[in-house]
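# Commentary on secondary and tertiary structure
Chain residues, written in single-letter form:
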Amino acid sequence: QNTIEGILPICCQRENDSYVLRYDITGKQALDEVLENITAEEQLLKMLFIGIGVAIKQLEKHLLPQEGLLLLPETVFWDYKTEMMYFCYCPEWTQGLREQFVSLLEYLLAKTDHKNILAVQLIYGVYEEAVKPTFHMKELEKCFRVCPVVTEEVREEIYEIEEEREPIDNTFIAPERRMDKIEGV
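In this text, all values refer to a predicted model and were calculated from it rather than measured experimentally. (Residues numbered from 1 in each chain as written. Predicted model: local features only at pLDDT ≥ 70, side-chain atom pairs only at ≥ 80, totals over all residues. Heavy atoms only, no water.)

## A look at the packing of helix α2 (residues 42–61) against helix α4 (residues 117–130)
Their axes nearest at 8 Å, the elements α2 and α4 cross at an angle of 30°. By the angle between their axes, α2 is roughly parallel relative to α4. Two secondary-structure elements touch here, α2 through Glu42, Leu45, Lys46 and Phe49 and α4 through Leu118, Ala119, Leu122, Ile123 and Val126. Looking at the contact of α2 with α4 residue by residue, the classes come out as 7 nonpolar, no polar and 2 charged. (Axes fitted to C-alpha atoms, helices over the stretch in contact; angles between N-to-C directions. Helix = DSSP H or I, 4+ residues; strand = E, 2+ residues; numbered from the N terminus. Parallel < 35°, antiparallel > 145°, perpendicular 65-115°, else oblique. Contact = heavy atoms within 4.5 Å. Nonpolar A, V, L, I, M, F, W, Y, C, P; charged D, E, K, R; others polar.)

## Considering the sheet that holds strand β3 (residues 28–30)
Pairing is antiparallel in the open sheet, where 3 strands are placed in the order β3-β4-β5. Of all strands in the sheet, those with a lone pairing partner are β3 and β5 (84–87), marking the two edges. The average angle at which neighbouring strand axes cross in this sheet is 35°, direction not considered. Note that strand β4 (residues 76–79) and β5 share 4 bridges and pair antiparallel. Each bridged residue has a counterpart across the sheet, and for Trp78 the counterpart in β5 is Met85. Strands β4 and β5 of the sheet are contacted by α2, whose axis makes an angle of about 50° with β5. (Pairing = 2+ DSSP bridges.)

Next comes the structure, spelled out in structure tokens:
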């Protein structure tokens, strides 16, 4: 099975003259479910932003369009054991990644503990950068540079996480037909 770091394993199956994407979410919980019970703290936000950055770089490395990355609260998954975020990928997805990211940030603004100053500064700092017309998702790390809460240690953490991970098989088999439905397994 081909895997891409930060992307949920996917299986494409044919059902009733259409194709269904099934994602392996074993041991993971959707972000919207996680935030039903807790508020977004700065550590969770940092891991989310790091995860998005890693996923984008991995997609680029595998020559896949980043627009297929789904950033909806119900398609972002948290693995409590590895403390990593995983994302659904759909080659046929049509909503732009930047627009999804801004929508996700707006969702997180409401879910952030506003008594936690660091979390508030982080989410608003990233949001402020993301809504600028010149913002591009490849420049996600720019948000970390401008946000006063994010220290050099956190910026370095992004690169350390990438370096510590095991190499991944670079092959990918692209689906040949349009996918009509997305489901979790």
